[in-house]
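Structural overview
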Amino acid sequence: MAEEKIKVSIDGILVEVEPGTTIMNAARKIGGDVVPPAMCYYSTLEGSGGKCRTCLVKVTKGSEKDPRPMPKLVASCRTGVMEGMEVQNITSPEVLEARKGIVEFLLINHPLDCPICDQAGECHLQDLSYQHGIEETRYDFERRTFDKIDIGDKIKLHMTRCILCYRCVMVADQLTDKRVHGVLGRGDASEISTYITKAVDNDFSGNMIDVCPVGALTDRTFRFKNRVWFTKPVEAHRDCPTCTGKVTLWYKGEDVLRVTGRKDEFGEVKDFICNECRFDKKATSDWTIEGPRKVKNTSVISSNHYELPAPPPVIKQNLKLQQENKQQFERAEKLK
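Below: a short report on this structure. Each residue is numbered by its place in its chain's sequence as written, counting from 1. Per-residue local features are limited, in this predicted model, to residues with pLDDT of at least 70; the limit for side-chain atom pairs, both in listing and counting, is 80 or more; totals at the level of whole chains, interfaces and linings are taken over all residues. Water and hydrogen atoms were dropped before computing side-chain values, which therefore reflect all heavy atoms in the structure.

1. Overview of the pairing of strand β13 (residues 255-261)
The side chains of a regular strand alternate between both faces of the sheet. Heads up, the rule is: Partly exposed describes any residue whose relative accessible area lies between the buried limit of under 20% and the exposed limit of over 50%, with all areas from a 1.4 Å probe on protein chains only and scaled to the type maximum. Secondary structure elements follow DSSP: runs of H or I no shorter than four residues count as helices, runs of E no shorter than two count as strands, and numbering proceeds from the N terminus. Strands were regarded as paired on the criterion that DSSP finds at least two bridges between them.
Most of β13 sits inside the fold, with six of its seven residues counted as buried. Sheet topology places strand β12 (residues 246-252) next to β13; six bridges connect them, and they run antiparallel. Bridge pairing in β13 links K252 to D255. Joining the antiparallel neighbours β12 and β13 is a turn of two residues, in which G253 adopts a positive phi near 70°.

2. A word on the sheet that holds strand β1 (residues 6-10)
Spelled out, the test is: The criterion used for residue contact is that any of the two residues' heavy atoms lie within 4.5 Å. To get an axis, fit a line to the C-alpha atoms, keeping to the stretch in contact for a helix; angles then go from 0 to 180 degrees between the N-to-C directions.
The strand order across the open sheet built from five strands is β2-β1-β5-β3-β4, with neighbouring strands paired in mixed fashion. Each of the sheet's edge strands pairs with one partner strand only, and the pair in question is β2 (13-17) and β4 (74-75). Two elements, strand β3 (residues 56-61) and strand β5 (residues 86-88), share three bridges in a ladder whose sense is antiparallel. The residue of β5 that forms the bridge with K58 is Q88. In the packing of helix α1 (residues 23-30) onto the sheet, contacts are made with β1, β2, β3, β4 and β5, and the angle to β2 comes to roughly 115°. Contacting β3 and β5, helix α2 (residues 93-106) crosses the sheet at an angle of about 160° to β3.

3. Considerations on the nonpolar core
Looking at soluble globular proteins, one finds that nonpolar side chains tend to be buried together. Counted only if it meets this: Residue types Ala, Val, Leu, Ile, Met, Phe, Trp, Tyr and Cys, when buried and joined through side-chain atoms within 4.5 Å, form a set referred to as a nonpolar core.
Membership of the largest hydrophobic core comes to 46 residues, with the highest contact counts inside it found for M39, I192, M208, V214 and L217. Of all elements in the fold, only α2, α3 (124-132), β7 (155-157), α4 (167-175) and α5 (207-211) reach the threshold of two or more residues within this core. What V214 contacts, discounting residues up to four positions off in sequence, is M39, H110, Q119, C123, L125, R161, C162 and I163. Ranked by size, the runner-up nonpolar core spans 15 residues in total, among them V17, I23, V57 and V81.

4. Some points on the packing of aromatic side chains
The cut-off we apply is this: In this analysis, rings of Phe, Tyr and Trp, with Trp reduced to its six-membered ring, are considered paired at centre separations within 6.5 Å, and the interplanar angle assigns stacked below 30 degrees, edge-to-face beyond 60, and tilted for intermediate values. Here, a charge over a ring means that NZ of Lys or CZ of Arg falls within 6 Å of the ring centre while also lying within 35 degrees of the ring normal.
Tallied over the entire structure, the rule returns two aromatic pairs. A cation over an aromatic ring shows up here: K154 above the ring of F279, its NZ or CZ 5.7 Å from the ring centre. Residue placement shows R258 over the ring face of W250; its charged tip is 4.3 Å from the ring centre.

5. Let's talk about the pattern of salt bridges
For the record, the criterion: Salt-bridge detection follows one rule: a side-chain nitrogen of Lys or Arg within 4 Å of a carboxyl oxygen of Asp or Glu.
One pass over the full model with this rule turns up 20 salt bridges. Among the ionic pairs, R258 bridges to E122, the shortest N-O distance being 2.7 Å. You can see R258 sitting in strand β13 and its partner E122 sitting in the loop between α2 and α3, a full 136 residues away along the chain. An identical accessibility class is assigned to R258 and E122; each is buried.

6. Topic: the sheet that holds β13
One open sheet holds the four strands; their spatial order is β13-β12-β11-β14, and the pairing between them is antiparallel. Lying at the two open borders of the sheet, with one neighbouring strand each, are β13 and β14 (288-292). Pairs of neighbouring strands in the sheet enclose a mean axial angle of 35°, with direction left out of account. Pairing analysis gives six bridges linking strand β11 (residues 232-237) to β12, with the strands arranged antiparallel. From the neighbouring strand, E235 faces β12, where its bridge partner is T248.

7. Side note on unusual backbone geometry
We note that R53 has phi near 70°; this positive angle belongs to a residue other than glycine. Of note, R53 is situated in the loop between α1 and β3. Using a relative accessible area of 35% as the deciding quantity, one classes R53 as partly exposed.

8. Things to note about the pairing of β2
Bridging between β1 and β2 involves five bridges; their strand directions are antiparallel. Its bridge partner lying in β2, K7 is registered against E16.

9. A few points about the packing of α2 against α3
Put simply, the rule reads: Oblique is the label for any angle not under 35 degrees, not over 145, and not in the 65 to 115 range, which are roughly parallel, roughly antiparallel and roughly perpendicular in turn. Note on convention: the crossing is left-handed when the near helix lies turned anticlockwise from the far helix by less than a right angle, right-handed when the turn is clockwise. Each residue gets one label: Ala, Val, Leu, Ile, Met, Phe, Trp, Tyr, Cys and Pro are nonpolar, Asp, Glu, Lys and Arg are charged, and the others, such as Gly, are polar.
Contact geometry for α2 and α3: axes closest at 10 Å, N-to-C directions at 130°. Overall, the two elements α2 and α3 adopt an arrangement that is oblique. You can see that α2 and α3 cross each other, and the crossing is left-handed. Mapping the contact onto sequence places L96, R99, K100, V103 and L106 in α2 and L125, L128, S129 and H132 in α3. Broken down by class, the residue content of the contact of α2 with α3 amounts to five nonpolar, two polar and two charged.

10. Comments concerning the environment of V74
For V74, the position within the fold is in strand β4. On the basis of relative accessibility, which here comes to 14%, the residue V74 falls in the buried class. Sequence-distant contacts of V74, that is, excluding residues within four places in its chain, are made with I23, C55, L56, V57, V59 and T79.

Now the structure itself:
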């Protein structure tokens, strides 16, 4: 007999979920702005979450049996729902203020590398900073810095950009039988690195790049080649003996600049791919094309893709506005 579903209210929206569901996943069933941001939680990685604190929410009613509110903000990715629970996310000023402080902490040691970072345009920390960041930092001390290192023949590590979400460590733990990298040191000296001089060398090491929410781990075969908003993502698959073979191809003209796993609306890869698909198969003939990848219209990646942007309508006989429309239309034609 199936267990009865639990009713929980998040920002005033009622949703029914299975017992054992976390607040985060209950919010994801609703979707939209109700979903708390997550920099460390990854639904396909067991044990992830609870480290970045960006997903904190306020529980104003514990349950029907015990309606007392929880005394402090809780991590939605690690807190299970209860029957009759009421949760506030974007409707709570306390949550928004706390999230603002958490973003400030995440940016304390993070460099302003966005103009040169390969993750720019699809970086979760960029989105978070835009929504909750402050204009100027209050941190006057020297920031920690690390030298860039190669932790494999295809992966570059920028430890200075790392926010210690542990995703790359978990993906290596759960997809491979021989993890050679991890978190070394404690406190402010903590860093992701390999043991002595070992290199990350296994069939699924490239997935570390996909799960990284910032630009700490980058693909050396794509490094500095192009901006993601100038490329066109296309979904494709192939018969691969090692993985599912379901990928996203990133095109510039007729060239495949990079291959990544398919990410869902929350930026998570459900089907991890092998290094052969990621690094060695960069010809269209290697793949069966399924069609353009669906991209949110709020993403910069969708800025000039697939459809011609329509120039704003001219309501009045305004010569200046007509000229601007003409110029924008000409620019749009060039982007075809």
